[in-house]
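Descriptive analysis of the structure
The lines below spell out each chain.
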Amino acid sequence: MRIAQVSTLYESVPPRRYGGIERIVSYLSEELVRLGHDVTLFASADSRTSAKLVAGSDCAVRLVEDTADPQAFHFAMLEDVVAASEDFDIVHFHTDYQSFPFARRMQCAHVTTLHWRLDVPGLEPMYRRFADIPLVSISNAQRAPLPWLAWAGTVHHGLPETLYPFHERAGGHLAFVGRIAPAKGPDAAIRIARRANVPLRIAAKVDEADRPYFDSAVAPLVQAPLVEFVGEQDDAGKRRLLGNARALLFPIDWPEPFGLVMIEALACGTPVIAFGRGSVPEIIEDGVNGFVVRDEDEAVQAVARLGEIDRRRCRETFERRFTAERMARDYVDVYRRVIETRDARDARDARASDCEPSPSLVTQDP
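Reference entry: report on the structure contained in this document. (Residues numbered from 1 in each chain as written. Predicted model: local features only at pLDDT ≥ 70, side-chain atom pairs only at ≥ 80, totals over all residues. Heavy atoms only, no water.)

Let us now look at the pairing of strand S11 (residues 245–250). With five of its six residues buried, S11 lies for the most part within the structure. Across three bridges, the pairing between strand S8 (residues 173–179) and S11 is parallel. Considered in S11, the bridge of Ala-175 is made with Leu-248. Relative to strand S12 (residues 272–275), S11 runs parallel, the two being bridged by three bridges. Counterpart to Leu-249 in the pairing with S12 is Ile-273. This β-α-β element, S11 to helix H8 (residues 260–268) to S12, shows right-handed connectivity. (Buried < 20%, exposed > 50% of the residue type's maximum accessible area, 1.4 Å probe, protein only. Helix = DSSP H or I, 4+ residues; strand = E, 2+ residues; numbered from the N terminus. Pairing = 2+ DSSP bridges. Right-handed = clockwise from strand over helix to strand, strands pointing away.)

Judged by pairing direction, the sheet is parallel, and its seven strands sit side by side in the order S3-S2-S1-S4-S5-S6-S7 without closing on themselves. Every other strand in the sheet has two partners, leaving strand S3 (52–57) and strand S7 (151–154) as the edge strands with one partner each. Strand-to-strand, the axes of this sheet are offset by a mean angle of 20°, without reference to chain direction. (Axes fitted to C-alpha atoms, helices over the stretch in contact; angles between N-to-C directions.)

This part takes up the pattern of salt bridges. Side chains that differ in sign of charge can pair as their charged atoms come close. Applying the stated rule across the entire model yields 25 salt bridges. We note a salt bridge from Arg-105 to Glu-79, for which the minimum N-O separation is 2.8 Å. Taken together, the residues Arg-105 in the loop between helix H3 (100–103) and strand S5 (109–113) and Glu-79 in helix H2 (residues 70–84) connect sequence positions 26 residues apart. A residue is classified by how much of its surface remains accessible, and Glu-79, at 34% relative accessible area, is partly exposed. Taking the shortest distance from any N to any O, the salt bridge between Glu-124 and Arg-128 comes out at 3.0 Å. Of this pair, Glu-124 and Arg-128 both sit in helix H4 (residues 123–129), four residues apart, which is roughly one turn of that helix. For Arg-128, a relative accessible area of 48% gives the class partly exposed. (Salt bridge = Lys/Arg side-chain N within 4 Å of Asp/Glu carboxyl O.)

So, on to the side chain of Ser-85. Mapped onto the fold, Ser-85 is located in the loop between H2 and strand S4 (90–93). A polar contact is formed between the side chain of Ser-85 and the backbone oxygen of Val-82, at a distance of 2.8 Å. Those residues in contact with Ser-85, other than ones at most four positions away along the chain, are Met-106, Gln-107 and Cys-108. (Polar contact = N/O pair within 3.5 Å; in protein donor to acceptor, adjacent residues only side chain to side chain. Contact = heavy atoms within 4.5 Å.)

Turning next to the packing of H8 against helix H11 (residues 311–321). Closest axis-to-axis distance for the H8/H11 pair is 6 Å, and the angle between their directions is 125°. Put simply, H8 runs oblique to H11. Of the two possible hands of crossing, H8 and H11 adopt the one that is left-handed. Listed contacts from H11 to Ile-263, Leu-266, Ala-267 and Cys-268 of H8 are Arg-311, Cys-314, Arg-315, Thr-317 and Phe-318. Taken together, the residues of the contact of H8 with H11 sort by class into six nonpolar, one polar and two charged. (Parallel < 35°, antiparallel > 145°, perpendicular 65-115°, else oblique. Left-handed = near helix turned anticlockwise from the far one by under 90°. Nonpolar A, V, L, I, M, F, W, Y, C, P; charged D, E, K, R; others polar.)

The strand order across the open sheet built from six strands is S10-S9-S8-S11-S12-S13, with neighbouring strands paired in parallel fashion. Sheet topology places strand S10 (227–229) and strand S13 (290–293) at the edges, where each strand pairs with a single neighbour. Recorded for the sheet is a direction-independent mean angle of 20° between the axes of neighbouring strands. Pairing analysis gives four bridges linking S12 to S13, with the strands arranged parallel. Opposite Val-272, over in S13, you have Gly-290 as the bridge partner. Along the sheet, helix H5 (residues 186–196) contacts S8, strand S9 (200–205), S10, S11 and S12; its crossing angle with S9, the most-contacted strand, is approximately 170°.

It is worth spelling out the pairing of S8 at this point. Most of S8 sits inside the fold, with seven of its seven residues counted as buried. Note: S8 against S9, six bridges, orientation parallel. If you follow Arg-179 over to S9, its bridge partner there is Lys-205. As a crossover connection, the stretch from S8 through H5 into S9 is right-handed.

By themselves, these figures tell us nothing about what the structure is for.
Structure below.
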């Protein structure tokens, strides 16, 4: 199959450090190539891929966004995708609703994976105007605000099977990995760890927009005993941090569409203690590969129960449900369904056109 993957340009594919969408685009593209598909990747020029790379910018836009308009890069790239669309069987967009006006001009089938929340005010009227666009959700929970969209499937994220090795024995610390933001709950993670009297290591990115929150709500707590802030980590750093952790704390305060770090932890054999919002109940099996809790009190109790979790079961969950190969094969199934739907529609349109009388044969009233 001739497949185009269209990434965002904010980070390279894969990203050097933080960057969930670009990371998934990389895992998916590499696995599709491995499965024998002809893959073209539209991404920044500093991306690394075994697919054919078409550069939408000279480097990750994050590196120049103080002096450039990131939307301009994306619009130019999406126009290039339209121009090349007759060369593909399907184009897979990861650029959210930016691609919708362009998708309607495609010469081939297309599908868009939505990677963000759908409960934001103002989204519904926009999506109603593009209700015909085929979409993929990354969890069933993500669909809840807009269940009437043209959903072509749900595909959970996956990781390369060997990316995070299994750690049979845990170290003594808990881990928080992700982005410093109120919705991610780093302050809650600190309170949970301190109440459980277990060391916590925080590996997180601090965006400038979240700097005031970090300075006021997180930094003072980081100075406390048991808490260590280790900053943003690459894959090697995350392998050590997560693999040696007793558990990952995931005390989210928003409807998380997926939560990639949860399956990174499971790949290491590390159980997850997570608040039961968004996608969490689809990923964490309570009492099997972690605990789904309602609040900080239950999270503290769960820390004391970590001895009940077999780390091998965590790894088994990952191998069964969250590998990149499973993700790629699920997407190929979606691609085939979307292509078949488009072909059937085109055939109906052709038959309807054949049945229309030629204008020259229409009798005009005198």
